[in-house]
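Overview (structure and organization)
Below, each chain spelled out in residue letters.
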Amino acid sequence: MDAQKIREQFPILRERVNGKALVYFDNGATHPKPTSVVDAEVKFYHHDNANVHRGVHALSQRATDSYEGVRNKLCKFFGTNNTQEYIFSSGTTASFNLLSTTLAPRVEAGDTIVVTRMEHHANFVPWQQLALSKKAKFEIVELKSDFTLDRDHFKRAMAMKPKIVSFSAMSNVLGHKNPVSELATLAKQAGAIVLVDGAQLVAHDEFKISDLGLIDAFVFSAHKISGPTGVGVMWAREEFLKSLPPYQFGGDMITFVEDQSTIWNELPWKFEAGTPNIAGVIGLGAALDFMTEIGRGNILKLEHELVKQGLAKLKQVKGLKILGSESHEGRAPIFSFILEGVHPHDIATLLDLEGIAVRAGHHCAQPLLRHFNQTATTRASLSYYNTAAELDVLVSAIENAKKVFSRGT
Ligand SMILES: Cc1ncc(COP(=O)(O)O)c(C=O)c1O
């Protein structure tokens, strides 16, 4: 399937912005939705609207079947066979809050929690706060000058026998993959609980859960892979989930409520209190179907080409520095850059005038930007449907931005 045919499935790409054809390079923040995802949500509300797990009537059965069916789709997508291991949440952030809250009783003063310098705040702040509240040590594994994780530092951190190690499989700023399985083995050997932020990896790689090695949990958000906003998935090993207390209390997460005590529901519902985002989960199912239809291998190929082209084209812009590896191996088409003499917000504003949507700011990764002595960068994050021609539009708009600012000085 070529990018043009895929593009036709995303109505938003027909938008014009400031009189120009939209060039959407903000996929890292959220991905456009194909018609099939929006239709799946509309179909639910028009034809099946009912609560799940609660009624014997036909609509409730249909709603429950569609909602629960998405766990089967997840099993197929990630090559697993236990639907109980998929918990629906409202996103990656919510999943990490679930994990940090339910793991809190296991952390004591003097324990160590390990994260890395490249974490999104969603996988940084919950652990930092847990460590502070327990007087535990919060160890941040640093980067090397080639932007990769410092494995020697990681090994030293493992020598501290951490209770919890939580790291990103792919940075939303740098765009490269971390060796998840290798890091997980080291963390497990040290006796740690191993948690992985998969919010970007899920959009930019083809993998099974088993490829990630000895991890305990892997979390991501539906909206990064063309699903709806406000829906997240936490995959976790059954034994690990069983060992955790419930996160929130209320309807659906119980089997029996006595006057003075309650018996929790089985997995996965023990972690899904209250009415979930039913339409959103069904939309996620449609997004998984959509990616599967294109083929995750094809997505990877299209993106690999964009990585090569993007690096080559951006390297030609004088004064532009990419924060991230300049090698195209193990990398997604996420290009964070700084342009000499022009503030990232100014670049983004000028690009917007040309119809190009990029993100400027700290990308919810202030500890990482601090490491580079930056408060903001401009980030063009591409996806499989983007084209080399759009990259040309970006490069020429950056060149124009340079001219505008050189005139001003
Ligand atoms: C690597 C990474 N982790 C976590 C998140 C947070 O995801 P959400 O805002 O959907 O909870 C993001 C979103 O930008 C991300 O890129």
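Treat the numbers as computed from the prediction; the structure is a model and nothing was measured.

A look at the packing of helix α2 (residues 35–48) against helix α10 (residues 278–294)
A packed helix pair is summarised by two numbers, namely the angle formed by the two axes and the spacing between the axes. For the pair α2 and α10, interaxial distance at closest approach is 8 Å and the crossing angle is 145°. The crossing of α2 and α10 is right-handed. From α2, Ser36, Val37, Ala40, Glu41, Phe44 and Tyr45 reach across to α10, where they touch Ile278, Ala279, Ile282, Gly283, Gly285, Ala286, Ala287 and Phe290. Tallied by class, the residues present in the contact of α2 with α10 amount to 10 nonpolar, 3 polar and 1 charged.

A short note on the sheet that holds strand β14 (residues 334–339)
A sheet is described by the order of its strands in space; here 4 strands give the open sequence β13-β14-β17-β16, paired in antiparallel fashion. Each end of this open sheet is capped by a strand with a single partner; those strands are β13 (320–323) and β16 (359–361). For this sheet, the mean angle separating the axes of adjacent strands, direction not counted, is 30°. Judged from the 4 bridges that link them, β14 and strand β17 (residues 377–381) form a sheet pairing that is antiparallel. Counterpart to Phe335 in the pairing with β17 is Ala380.

A few points about the nonpolar core
The biggest cluster of nonpolar side chains holds 111 residues, and the ones touching the most others in it are Val196, Ala217, Ile282 and Ala287. Considering every element that reaches this core, the biggest residue donor is α10, with 10 residues. Split by domain, the residues of this core number at least three in each of domain 1 (3–30 + 295–408) and domain 2 (38–292). For Val196, the residues in contact, after removing those within four places along its chain, are Phe167, Ala169, Val180, Leu212, Ile215, Ala217 and Phe218.

What about the site of the ligand?
Near the ligand there are 13 residues, and of these Gly91, Thr93, His120, Asn172 and Ser221 occur at the shortest range. By residue class, the composition of the shell around the ligand is 3 nonpolar, 9 polar and 1 charged.

A few points about the sheet that holds strand β5 (residues 112–116)
The mixed open sheet is built from 7 strands, whose spatial order is β4-β10-β9-β8-β7-β5-β6. Across the chains shown, the open sheet's two edge strands, defined by having one partner strand only, are β4 (86–89) and β6 (137–141). Pairs of neighbouring strands in the sheet enclose a mean axial angle of 20°, with direction left out of account. Pairing geometry for strand β9 (residues 217–221) and strand β10 (residues 232–236), over 5 bridges, is antiparallel. Note that in β10 the partner of Ala217 across the bridge is Ala236. Helix-sheet contacts for helix α7 (residues 180–189) involve β7 (164–168) and β8 (193–197), and the interaxial angle to β8 is about 155°.

Looking at the pairing of β14
Relative to β14, β13 runs antiparallel, the two being bridged by 4 bridges. Directly across from Ile322, in β14, lies its bridge partner Phe337.

Focus: α2
For α2, spanning 14 residues, the distance from its first C-alpha to its last is 19 Å, which sits close to the expected 20 Å at 1.5 Å a residue. Regarding α2, the residues found buried are Val37, Ala40, Glu41, Phe44 and Asp48. The buried residues of α2 occupy an angular sector of 95° when the element is viewed end-on, so they sit on one face. Exposed residues on α2 whose side chains face more than 90 degrees from its buried face are His46 and His47.

Some words on the domain arrangement of the chain
Taken as a whole, the chain is organised into domain 1 (3–30 + 295–408) and domain 2 (38–292). In this structure, domain 1 and domain 2 have C-alpha centres spaced 28 Å apart. Counting residues per element, the ones that place at least two in the side of domain 1 that touches domain 2 are α11 (296–315), β14 and α13 (366–371). Ranked by residue count, the leading element in the side of domain 1 that touches domain 2 is α11, at 5 residues. Residues belonging to the side of domain 1 that touches domain 2 are distributed by class as follows: 9 nonpolar, 9 polar and 4 charged.

Criteria and thresholds
Residues numbered from 1 in each chain as written. Predicted model: local features only at pLDDT ≥ 70, side-chain atom pairs only at ≥ 80, totals over all residues. Axes fitted to C-alpha atoms, helices over the stretch in contact; angles between N-to-C directions. Helix = DSSP H or I, 4+ residues; strand = E, 2+ residues; numbered from the N terminus. Left-handed = near helix turned anticlockwise from the far one by under 90°. Contact = placed C-beta atoms within 7 Å. Nonpolar A, V, L, I, M, F, W, Y, C, P; charged D, E, K, R; others polar. Pairing = 2+ DSSP bridges. Core = buried A, V, L, I, M, F, W, Y, C linked by C-beta atoms within 7 Å. Buried ≥ 20, exposed ≤ 12 C-beta atoms within 10 Å, placed from the backbone. Domains from an automatic or database assignment. Near = placed C-beta within 6 Å. Expected span 1.5 Å × (residues − 1). Arc of directions from axis to C-beta.

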